[in-house]
Number of protein chains: 4
Amino acid sequence: MFSKFLNLDQEKQDRIINAAIKEFALKGYDNASTNEIVKEAGISKGLLFHYFGNKKQMFLFLFDHCCKIIADEFYIKINLQEKDLFNRIRGAILIKTELLNQYPNLFKFIEEAYLDESSEIKIEIEKKVKELNDINFGKIYDGIDFSKFRSDMDIKKVLKIITSTFEKLGEEEMNKVKLSPSHQIDYERIQVEIEEYFEILMKAFYK
Amino acid sequence: MFSKFLNLDQEKQDRIINAAIKEFALKGYDNASTNEIVKEAGISKGLLFHYFGNKKQMFLFLFDHCCKIIADEFYIKINLQEKDLFNRIRGAILIKTELLNQYPNLFKFIEEAYLDESSEIKIEIEKKVKELNDINFGKIYDGIDFSKFRSDMDIKKVLKIITSTFEKLGEEEMNKVKLSPSHQIDYERIQVEIEEYFEILMKAFYK
Amino acid sequence: MFSKFLNLDQEKQDRIINAAIKEFALKGYDNASTNEIVKEAGISKGLLFHYFGNKKQMFLFLFDHCCKIIADEFYIKINLQEKDLFNRIRGAILIKTELLNQYPNLFKFIEEAYLDESSEIKIEIEKKVKELNDINFGKIYDGIDFSKFRSDMDIKKVLKIITSTFEKLGEEEMNKVKLSPSHQIDYERIQVEIEEYFEILMKAFYK
Amino acid sequence: MFSKFLNLDQEKQDRIINAAIKEFALKGYDNASTNEIVKEAGISKGLLFHYFGNKKQMFLFLFDHCCKIIADEFYIKINLQEKDLFNRIRGAILIKTELLNQYPNLFKFIEEAYLDESSEIKIEIEKKVKELNDINFGKIYDGIDFSKFRSDMDIKKVLKIITSTFEKLGEEEMNKVKLSPSHQIDYERIQVEIEEYFEILMKAFYK
DNA sequence: TATGAATGAGTATTCATTCAT
DNA sequence: GATGAATGAATACTCATTCAT
């Protein structure tokens, strides 16, 4: 499928991938210009289409590529020895924060891709995201000691409440960053806040 | 700002607003065509720009307009006599569901606007949404009897957990609808599920 | 349909029509460049599409336009008082030769259009040509005195032989012109040759 | 000129020729893609240009090649013992019909080539066609007994009338086939019609 | 001889915006 | 106020041809 592209030397591949991710992350699918991508990557018009066929295929390739990098980096670092859910989440948040600093464009690209309204790619991306979630959902709860939880509540719904809380917090922090003039993240405040939520949730849901 | 437009007779205003909302809701900001809007509204090309200056200003005007309609309709219907938070939320969900059926285009437009990646409008819309949420947040908790809650937890964080849960549930249901072939909403199942979450959250956070 | 275009002042219409006919006649449908047409006509890119919608519609408009001109000019000049078939054909050939000199591009355009292999327009053009022929076939034989012909032959087939002969002669002369370096037509030689064919055909098919 | 190509083993030559003829016959000169040809032929892009220099030269080579095949097959089968013109034509029509079934792509290619409007090849193809006709014209009338014809008419012009008739009939049948939904040829009806024309032409031009 | 990556000018069409009327 | 003709840069994508390997 993309063997032509994957046979390129790493430096050129990276140049093209980074140029494309940047453009898509900044402008969304429809507004991203293949012209800008080739200009940024320093390759000719035709070459891009020689590698990827068309814009859509290029986009979907990039999406898969980014998912793979993040998934690999993320799930490899999760400590499966940790049996306590909140410790596990504490660790996951730490890892995610590190990755977010390491690959800011990559995360932005995936986030934008997920929200992109362009009908051309919407359905495919949603399918991919669903598959991804199904796979990953399992991993993060793998080996957790659920006996610590109150037995008078549906454990699945309790987990949903906990993850909803941290996902919403994450989204809010992302928005704060975008809207703040310095685009700086106040890690210390966030850390403290998270611990406060941990405390409440443990009081609420642990035996 | 838009005084020229607002001085038009109501019928013409409505024709233009409805045409524009429909186009933006269907195609998103970038793909929406001013051509289609004027055709649908039965006015001339030049007139649209005479009223709104440009596409971006027209879009932002529409966004404000829709927010106002929905906010008005939403908050007017909330029963402020209801002091119990979960009953209040139960009522709010009901009202929102009704409005969603009543103004599908309006909601769709706002949703699309919120997700729209077009760099031209993104920042402005996000700012407006934040302001809107800040205003509304207060109203929904107005007059609630917080004495029912456990006193060993920060009440603000508990509220955040509760709202996060229902917002995430709402988002998931919206996605389910989009991905389902019939685009039908299973209100009964949702109702039951919400009640189950109410039960858990009351056990967890009420005295 | 093309009312926008037809409301233009005649001079501009002509400039655009002539530029387009020239380009299509020279290069065929597929190879004709809308870029070249607007450059030659001295109008902007968008305007062409404002008038005609797309390349195909422009082409079909031009085809109809050319057919109309030729048909009008051709059939209006035929002398319907002339009852003798060969005299009638003699007259028609004269008229056609004059028109060919008057509108060389027009004729070339129609001829090319008829032969154009481009799948986009082939079917439509063929349909139009068929309709045209059906209408015109009648006119040229209108009021002819067929009692002069031998009665032991199917008159329709005899007419087919006669028209085939002159059509083929016409095609051959067209080719000769194209291939000759001077692109000059030797009218006198052709005149003489035609008369010789008349003589033979009259001997063969008249009583 | 094409010695590099002609030194290839027959199998590879055929693979390339067939791929190219198919592509040109299907899409015409301009729309034919060298990419498709090399893909179908299973050779590399560069090799095609190594053999033929460029698209135009390849096309002209193919045209010559096809003409040669058809001419060889056609003229070898003509019964030169048959001295009667109409019997000879009868035979020729039969042979041509057979060849048309045997080599549909080849014929289609030549036909398309002849009609192709692409200015790049038009002039060259027309010259070749003229040469071809001059050569063949002689052969088909070789050894015919012209004493059967009326002596009060120029025999060359009579022959022109006869051939024009059948050529036009052939063109019309080709068009009918193209426009008919089934693309089926009604051989029986054609046979009958041809015989009726034979009868008329014999009455008209035989002593 | 054989490969296929690389080029870049070319294509039709769209679209927000302007401006003379 | 109201019109809609006019603009031209922008879009994704194609394709014959070249050339380093």
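What you see is a predicted model, and the numbers here were worked out from it, not measured in a lab.

Some points on the UniProt feature "domain: HTH tetR-type" (unreviewed entry) in chain A
- Listed under "domain: HTH tetR-type" (unreviewed entry) in the UniProt record, and renumbered for this structure, are residues 10-70 of chain A.
- A helix fraction of 89% and a strand fraction of 0% characterise residues 10-70 of chain A, whose end C-alpha atoms lie 18 Å from each other.

Here's the deal with the side chain of T165 of chain A
- In this fold, T165 of chain A is placed in helix α9 (residues 155-179).
- Among all residues touching T165 of chain A, those that are not within four sequence positions of it are Y197 of chain A together with I161 and S164 of chain B.

Here's the deal with the protein's contact with DNA strand E
- In the vicinity of DNA strand E lie 32 residues, with K12, H50 and Y51 of chain A, T34 of chain B together with H50 of chain D positioned nearest.
- Sugar and phosphate atoms form 59% of the subset of DNA strand E atoms that lie within 4 Å of the protein.
- Between a base nitrogen of DNA strand E and a main-chain N or O atom of G46 of chain A, the distance comes to 3.4 Å.
- Looking at the surface near DNA strand E, the elements that each hand over two or more residues are α4 (45-52) of chain A, α4 (45-52) of chain B, α3 (34-41) and α4 (45-52) of chain C together with α4 (45-52) of chain D.
- Each residue belonging to the surface near DNA strand E can be placed in one class, and the counts come to 8 nonpolar, 14 polar and 10 charged.

Overview of the protein's contact with DNA strand F
- Not every one of the 32 residues close to DNA strand F is listed here, only the nearest: K45 of chain A, H50 of chain B, H50 and Y51 of chain C together with T34 of chain D.
- Considering DNA strand F, the proportion of its atoms within 4 Å of the protein that are sugar or phosphate atoms stands at 62%.
- Here a phosphate oxygen of DNA strand F sits 3.0 Å away from a polar atom, N or O, in the side chain of S44 of chain C.
- Every element with two or more residues in the surface near DNA strand F is listed here: α3 (34-41) and α4 of chain A, α4 of chain B, α4 of chain C together with α4 of chain D.
- Taken together, the residues of the surface near DNA strand F break down into 8 nonpolar, 14 polar and 10 charged.

A look at the UniProt feature "DNA-binding region" (unreviewed entry) in chain A
- Residues given the UniProt feature "DNA-binding region" (unreviewed entry) here are residues 33-52 of chain A.
- Secondary structure across residues 33-52 of chain A divides into 80% helix and 0% strand, with the first and last C-alpha atoms of the span separated by 15 Å.

Looking at the relation of the copies chain A and chain B
- When chain A is fitted onto chain B, the two copies agree to an RMSD of 0.9 Å after a turn of 176 degrees and an axial shift of 0.3 Å. Taken together, the rotation and translation describe the operation of a two-fold axis.
- Here 87% of the contact residues of chain A are again contact residues in chain B; the copies associate through an equivalent surface.

Points about the relation of the copies chain D and chain C
- The transform that puts chain D on chain C rotates by 176 degrees and translates by 0.2 Å along the axis, for an RMSD of 0.9 Å.
- Same-surface contact between copies: 97% of interface residues of chain D are shared with the interface of chain C.

As for the packing of helix α3 (residues 34-41) of chain B against α4 of chain B
Residues and elements named next belong to chain B.
- Closest axis-to-axis distance for the α3/α4 pair is 9 Å, and the angle between their directions is 105 degrees. Considering their axes alone, α3 and α4 lie roughly perpendicular with respect to each other. Taken together, the residues of α4 that come into contact with α3 (itself represented by T34, N35, I37 and V38) are K45, L48 and F49.
- For the contact of α3 with α4, the class distribution of residues is 4 nonpolar, 2 polar and 1 charged.

Describing the packing of aromatic side chains
- All told, the structure shown has 71 aromatic pairs over all chains when counted by the stated rule.
- Taking 4.8 Å as the distance between ring centres and 75 degrees as the angle between the ring planes, the aromatic pair formed by F24 of chain B and F59 of chain B counts as edge-to-face. Separated by 35 residues along the polypeptide, F24 of chain B in helix α2 (residues 10-31) and F59 of chain B in helix α5 (residues 55-77) bring together distant segments of the chain. Here F24 of chain B and F59 of chain B have matching classes, each one buried.
- Here F24 of chain D and Y29 of chain D contribute two aromatic rings whose centre-to-centre distance is 6.0 Å and whose plane-to-plane angle is 5 degrees, an arrangement assigned as stacked. Taken individually, F24 of chain D and Y29 of chain D each receive the classification buried, so the pair is uniform in this respect.
- Through a chain of ring-to-ring contacts, the aromatic side chains of F86, F146, F149, F166, F198 and Y206 of chain A assemble into a single cluster.
- Over the face of the ring belonging to Y29 of chain A we find K55 of chain A, whose NZ or CZ atom lies 5.0 Å from the ring centre.

Describing the pattern of salt bridges
- In the structure shown here, the tally under the stated rule is 78 salt bridges over all chains.
- Of the charged contacts, one joins E173 of chain D and R189 of chain D as a salt bridge, the two residues approaching to 2.9 Å between their closest N and O atoms. Taken as a pair, E173 of chain D in helix α9 (residues 155-179) and R189 of chain D in helix α10 (residues 187-205) lie far apart in primary sequence, 16 residues in all.
- Connected through shared salt-bridge partners, E167, K168 and E171 of chain A together with E167, K168 and E171 of chain B make up one network.

Comments concerning α3 of chain B
Residues and elements named next belong to chain B.
- The complete set of buried residues in α3 reads T34, I37, V38 and A41. With its buried residues spanning 90 degrees around the axis, α3 presents them on a single face.
- Contacts from the buried residues of α3 go to α2, α4 and α5.
- Between the side-chain oxygen at the start of α3 and the backbone nitrogen of N35 there is a gap of 3.1 Å, and the oxygen is on S33.
- One or two residues past the end of α3 sits G42, with phi positive at roughly 70 degrees.

Thresholds, definitions, all that
- Residues numbered from 1 in each chain as written.
- Chains lettered and ligands numbered in written order.
- Predicted model: local features only at pLDDT ≥ 70, side-chain atom pairs only at ≥ 80, totals over all residues.
- Heavy atoms only, no water.
- UniProt positions renumbered as here; feature names shortened; annotations may be inferred.
- Helix = DSSP H or I, 4+ residues; strand = E, 2+ residues; numbered from the N terminus.
- Contact = heavy atoms within 4.5 Å.
- Near = heavy atom within 4 Å.
- Polar contact = N/O pair within 3.5 Å; in protein donor to acceptor, adjacent residues only side chain to side chain.
- Nonpolar A, V, L, I, M, F, W, Y, C, P; charged D, E, K, R; others polar.
- Least-squares fit on C-alpha atoms with pLDDT ≥ 70 in both.
- Axes fitted to C-alpha atoms, helices over the stretch in contact; angles between N-to-C directions.
- Parallel < 35°, antiparallel > 145°, perpendicular 65-115°, else oblique.
- Phe/Tyr/Trp six-rings, centres within 6.5 Å; stacked < 30°, edge-to-face > 60°.
- Buried < 20%, exposed > 50% of the residue type's maximum accessible area, 1.4 Å probe, protein only.
- Lys NZ or Arg CZ within 6 Å of the ring centre and 35° of its normal.
- Salt bridge = Lys/Arg side-chain N within 4 Å of Asp/Glu carboxyl O.
- Arc of directions from axis to C-beta.

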